[in-house]
Amino acid sequence: MKAIAKAHAEPGLQIIDVVEPEVRPGCVKLRIEHGSVCGTDLHIYNWDHWAQNRIHPPRIVGHEFCGTVVEVGEGVTRVKVGDFVASESHIVDPSSPVYLAGNGHVDPTTTILGVDVDGGFSPFAVIPELNARPVPAGVPHNVASMMDALGNAVHTVMDGPVEGQTVLITGLGPIGMFAVAVCKALGAAKIVATEVSPYRIELGLRAGADLVLNPTKENADEVLRTMFPTGVDATLEMSGHPGSLALAIERTRSEGRISLLGVYSDVLRMVDFNQIVFKGLRLHGIVGRRMWDTWDQMTWLLTEKGLDVNAVITHHVPWQDFDSAMQQMKSGEAGKIVLDFSGG
Ligand code: ZN
């Protein structure tokens, strides 16, 4: 069969010939229906410093996907042939005390699908049973392909109270856009975001933001100070931009919460830690999704709370056109891009 892979230690991704994987004990074989492109895939495509140090080619990429179980390995009990499932990218040791305590997402022994082991951007994939999460009826299949990324947003938003709260979301990448939709579904009193790309500002408004400020065009700090004189209840920092972190600390109310999903490359910029102390702020780093609390919350949001993420899904392409999808991602003029594998 063919698969999208990092074939060589150089920029780009290729379609290569690989042996169709055989099911293993504790694993299930999936016929992939949809995949969705993630920022992580772009790092791998660009072959940046992180990717060079982490990826060992040849590696089939893709950690956000969904499909139908076509075969189960020895010892598999939770899912059966015919089940429609979505991927969770964290591969954990199910006997690890860290995982059993509910913290598999930060277990040092956790590895990642499509990064450390072969992923699912191919017509068939074999993954551990635990990583194949049954998709409830009513969840659209294109959304099922991005549960992993949506989970990042749900994990960040639901890190604290949301209903009736004023929320600032700094950075409207796809996860920031998801976060807007999740805040909306949970009944936030006001959702204000910051974003520099006009394309993403538009998507953020469509996802349900009340206002999106462009820090290159207006003084976000001043506008927020006028709107919320005592500060916002919660800030979700999703940009990885030091200026956004500073804004979060400045404009979150005393005893408010700041949930940090953005990853910072510029470690030299000083953060006003005294303000964190004197305002009694609570900062919490967010990585991945809780296994399985976040999945339960996502299911509840999608099936009971009317969470609608359609505004975030901007492109659907046949999987053979992945290169144009990567270019589209690179341009920044994209929300989530869905790859269609249903034609085989
Ligand atoms: Zn992802």
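This one's a predicted model, so the numbers in the text were calculated from it and none came from an experiment. All residue numbers refer to position in the chain's written sequence, counted from 1. Residue-level local features of this predicted model are given only where pLDDT is at least 70; pairs of side-chain atoms are given and counted only at 80 or more, and the full residue set underlies all totals for whole chains, interfaces and linings. Computation of side-chain values covers all heavy atoms of the structure but excludes hydrogens and water.

Would you explain the coordination of the zinc ion in this entry?
Reference values for coordination geometry: four tetrahedral donors around a metal ideally subtend 109.5 degrees, six octahedral donors ideally subtend 90 or 180 degrees. The donor set covers N, O and S atoms within 2.8 Å of the metal, switching to 3.2 Å for Na, K and Ca, and it leaves out water, so a site may look short of donors. All of the protein donors around the zinc ion are Cys38 (SG), His63 (NE2) and Glu64 (OE); their distances to the metal are 2.1 to 2.3 Å. Sequence positions of the donors to the zinc ion reduce to the motif C-x24-H-E. Here Cys38, found in the loop between strand E3 (27-36) and helix H1 (39-46), pairs with His63, found in the loop between strand E4 (59-60) and strand E5 (65-72); they are 25 residues apart in sequence, far enough to count as distant. For His63, a relative accessible area of 5% puts it in the buried group. Labels follow the DSSP assignment, with helices taken as runs of H or I lasting at least four residues and strands as runs of E lasting at least two, numbered in each case from the N terminus. Summary of the burial criterion: residues with accessible area below 20% of their type's maximum are buried, those above 50% are exposed, and those between are partly exposed, where the area comes from a 1.4 Å probe applied to protein chains only.

Can you help me understand the nonpolar core in this one?
Soluble globular proteins: nonpolar side chains tend toward being buried together. For the purposes of this section, nonpolar cores are sets of buried Ala, Val, Leu, Ile, Met, Phe, Trp, Tyr and Cys residues that join through side-chain atoms within 4.5 Å. Ranked by size, the top nonpolar core spans 53 residues in total, and within it Leu150, Ile169, Cys183 and Leu307 carry the most contacts. Top contributing element to this core by residue count: helix H6 (residues 174-185), with eight residues. Residue ranges for the domains originate in an automatic or database domain assignment. Structurally, this core is a two-domain feature, drawing no fewer than three residues from each of domain 1 (2-146 + 309-340) and domain 2 (153-285). By definition in these notes, contact holds between two residues if any of their heavy atoms fall within 4.5 Å. When sequence neighbours within four positions are dropped, the list of residues in contact with Leu307 reads Leu150, Ala181, Val182, Ala185, Leu301 and Leu302. Residues Leu30, Ile44, Ile127 and Ala334 belong to the second largest nonpolar core, which totals 36 residues.

Any chance you could explain the environment of Thr226 here in plain terms?
Considering the arrangement of structural elements, one finds Thr226 in helix H8 (residues 220-227). We classify Thr226 as exposed; its relative accessible area is 64%. For the pair Thr226 and Thr252, spaced 26 residues apart in sequence, the C-alpha to C-alpha distance is 13 Å.

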